[in-house]
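Residue strings, one per chain:
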Amino acid sequence: MIRETQFYFLMSKAIKKSILKLFLYLRENNSSCYKKLEKWEFLSQSNLKLLQMERLKKLILHSYHHVPYYRELLRSSGVIDNSGFVKLDKFENIPLLDKKSIHYNFENLKSDDLNSRKWYENASGGSTGQPIRLIQDDEYANWRSAVKILYDRWTGCKFNDRKLLLWGSERDLFFGNENWRIRFGRWLRNEVWFNAFRMTRSNMDNCVNTINSFKPVQILSYVEIIYELSRFIKRNRLEIFSPNAIMSTAGTLYPQFRKTIEEALNAPVFNRYGSREVGDIACECDRHKGLHVSAPIHYVEILKKNGEPAKPGEVGEIVITLLTNFAMPLIRYRIGDMGVWSDETCSCGCNWPLLKRVTGRVTDVFFTINGEMIDGEYFTHLLYFKNWIQKFQVVQEDYDSIRFIIIPYEIDSTPDRTHQNELDEIISKVRLVMGKSCQVKFKFVDDIEKTSSGKYKYVISKVAKAWN
Ligand SMILES: [Zn+2]
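Residues numbered from 1 in each chain as written. Predicted model: local features only at pLDDT ≥ 70, side-chain atom pairs only at ≥ 80, totals over all residues. Heavy atoms only, no water.

Undergrad: I'd like a description of the overall build of the protein, backed by residues and values.
TA: Counting secondary structure elements, the protein contains 15 helices and 19 strands. Scored against the burial criterion, the 468 residues of the protein give a buried share of 54%. Long-range contacts, defined as pairs at least 24 residues apart, comprise 69% of the intrachain contacts of the protein with a sequence gap of at least 6. Within the structure as shown, the protein displays about 22,100 Å² of accessible surface, and the carbon and sulfur contribution to it stands at 50%. (Helix = DSSP H or I, 4+ residues; strand = E, 2+ residues; numbered from the N terminus. Buried < 20%, exposed > 50% of the residue type's maximum accessible area, 1.4 Å probe, protein only. Contact = heavy atoms within 4.5 Å. Areas by Shrake-Rupley, 256 points an atom, 1.4 Å probe, with all protein chains shown as cover.)

See the structure below:
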C-alpha cells in the first residue's frame, strides 16, 4: 500500500507531466523540431551531408536576399554566382566573422524581414572575454531547446525527469526572489537550481543535502563548480546520492576534473559544448568517444592558422555557421575556442561528426578572503551589454584585489570618466560578493596578452593558482 506522501508525490508528478505536455503541444514548433532531430540522429553519413548542405544553402540564400552585410560579400566570394545560384564549393572564400565585425556591422547583419519574425536581443561574453550583442529568433530558440532535450536523453535523462542545476544567476543575487514564472517553470520541469556564482561552504553543504533528498536523475553544472563540489565531497568524505549522469558545460573538462567528479558522485560525466551565441553545439553520448556535433543545426569547421581545414587529431580554431538563426545569420563565426576532430566513428549509431576535444576555454574560480569560491564567470557577466568594451580580462590579484583590464572600442583618453556610472556599478557588484573592502581597479589598454595556446584568458585568479 502506498503512503499518503507517496500518493501526493506521484499525483504531483503526473499533473506536472500533463501540464508540461500541454505547454509543449501549444509550442508545437518546439516538439516538431525535436521529432526531426530524432529522425536525423541516425541518418547515414551521406544523407546527413545532403541534409546539412541543403540547410546551409537555405541560410545562404536567405542571407543574400535579406541581410545587407552578406549581399555583396556572398557575390564577391563567388558563393552566389551571376545567375543567383549557390556555389557551396566556394564557401571557404567567405571571410570569417568575428566579434569585432559583429559589433561594427550590427545593423547590417540584421535580416530585413525582422518585422515578420519573433526576435529578441541576446548578449554573450563568449568564452574569450569579448562581449557581443546578437539578435536571435524564435526558430533558433525552438531548435536550441530541441537539441537540449536530445542531449539530455543521451545522458539517460528523459522528459520531465528530476534535474539539479548548478548554474549562475545574477538575478538571484541582485534582485532577490525570482518571479513566479521562472519558479513555476522550474517546478514544472522538475528542476532545482543552485546559484553557482556563490558556492560558499554552507551552500555546498546545502547542495549536498539537496542532492541527497531530491535525488536528481541528472546534475547539470559549470565544469569548475561541479569539480569544486566533488573535491569538497571527497575531502569531507560525505555520503552522496549518485545521479544517472553529470552534464558538464561552460569550461574545459580536464581529464583530472572528470576523474574527480566521477569518483565523488559515482556517475558518468557527459561533456557538452555550447555558447549563448549559437546554443549547444556538441555533446557526448553514452559511449564517451568524443562530442557529437549537431550537424543539422551547426556547420562546424576547424581551421589551422593558415586557414586550411585541420585534419583529425590536429588542433585548430572552431568556426561555426549556425543554420537556424535567420534574424541575424552567423556564417563562419569565430567562436573563440580551439578544438580537435576525431577520426573515430561511434558505436551508438549516430553519425553526427565527433569532436575529440574542445580545448582552450579557461574559467577560473575566485576566492574571497573568507574562503568563499566565486565562479570567474560572475565577473564576466558584469561586462555584458556594455557596448563600448571590445575585450576584457578580469584578474584576481589577491584575496581583496580585483583588476579589470579593458580594451575599449573607441580611442578615448578618459574612459574611466566617460563611463563612470557603469564602472561604479561594477565596483559595487564586485564588492557584493568579494566583500566591502575589496579593491577594484580598472586598466584601459589597447592589447591583452594571449596565453601560450594563443587564447585570451578572460579570467585569471592568481589566488586560485596559489591555492591549487
Ligand atoms: Zn555516439
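Here the narrative resumes, following the displayed structure.
Undergrad: So what's going on with the sheet that holds strand β16 (residues 389–398)? Which residues, and what values?
TA: Reading across the sheet, the 4 strands line up as β18-β17-β16-β19 and stay open at both edges, with mixed pairing between neighbours. Two strands in the sheet have a free side with no partner beyond their single neighbour: β18 (439–444) and β19 (459–461). Recorded for the sheet is a direction-independent mean angle of 15° between the axes of neighbouring strands. Where β16 and β19 come together, 3 bridges link them in parallel fashion. By the bridge assignment, Q396 is partnered in β19 with S461. In the packing of helix α14 (residues 420–434) onto the sheet, contacts are made with β16, β17 (401–408) and β18, and the angle to β18 comes to roughly 140°. (Pairing = 2+ DSSP bridges. Axes fitted to C-alpha atoms, helices over the stretch in contact; angles between N-to-C directions.)

Undergrad: Describe the coordination of the zinc ion, naming the residues involved and giving the relevant values.
TA: Every protein donor of the zinc ion is accounted for by C285 (SG), H292 (NE2), C346 (SG) and C348 (SG), and the metal-donor separations fall at 2.1 to 2.3 Å. Each of the 4 donor atoms around the zinc ion contributes to a set of angles spanning 102 to 116°, which defines the coordination as tetrahedral. The motif formed by the donor residues of the zinc ion, counted along the single chain, is C-x6-H-x53-C-x1-C. In this pair, C285 sits in the loop between β8 (279–284) and β9 (291–293) while C348 sits in the loop between β12 (333–341) and β13 (354–359), placing the two residues 63 residues apart along the sequence. (Donors = N, O, S within 2.8 Å, 3.2 Å for Na, K, Ca; no water. Tetrahedral: all angles 85-135°; square planar, octahedral: opposite > 155°, others 65-115°.)

Undergrad: How would you sum up the packing of aromatic side chains? Please name residues and give values.
TA: Any aromatic ring pair is given by two values, namely how distant the centres are and how the planes are angled relative to each other. Under the criterion given, the structure shown has 10 aromatic pairs. Each ring, one from W154 and one from W352, has its centre 5.9 Å from the other, and the planes form 55°; the classification is tilted. Placement of W154 in helix α6 (residues 138–154) and of W352 in the loop between β12 and β13 is noted, with a sequence separation of 198 residues between them. Under the relative-accessibility criterion, W154 is labelled buried at 9%. Relative accessible area serves as the criterion here: at 2%, W352 is assigned to the buried category. Among the aromatic side chains, those forming a connected cluster through ring pairs are Y151, W154 and W352. Seen from the ring of F106, R133 lies directly overhead, with NZ or CZ sitting 4.0 Å from the centre. The ring of W193 has R186 lying over it, and the distance from NZ or CZ to the ring centre is 3.9 Å. (Phe/Tyr/Trp six-rings, centres within 6.5 Å; stacked < 30°, edge-to-face > 60°. Lys NZ or Arg CZ within 6 Å of the ring centre and 35° of its normal.)

Undergrad: Got a sec to walk through the pattern of salt bridges? Specific residues and values, please.
TA: Following the criterion strictly, the structure yields 26 salt bridges and no others. A salt bridge links K87 to D81, with the shortest nitrogen-to-oxygen separation between them at 3.9 Å. Since its relative accessible area comes to 19%, D81 is described here as buried. Several salt bridges converge on common partners, so that one network encompasses E38, E41 and R153. (Salt bridge = Lys/Arg side-chain N within 4 Å of Asp/Glu carboxyl O.)

Undergrad: Can you tell me about unusual backbone geometry, naming the residues and giving the values?
TA: With phi around 50°, K215 is a residue other than glycine that occupies positive phi space. Residue position: K215 is located in the loop between α9 (201–214) and β5 (218–222). The exposure class assigned to K215 is partly exposed, which follows from its relative accessible area of 37%. In this model, R332 sits at a positive phi of 55°, which is unusual for a non-glycine residue. Along the polypeptide, R332 turns up in the loop between β11 (315–322) and β12. In this structure R332 comes out as buried when scored by relative accessible area, which is 4%.

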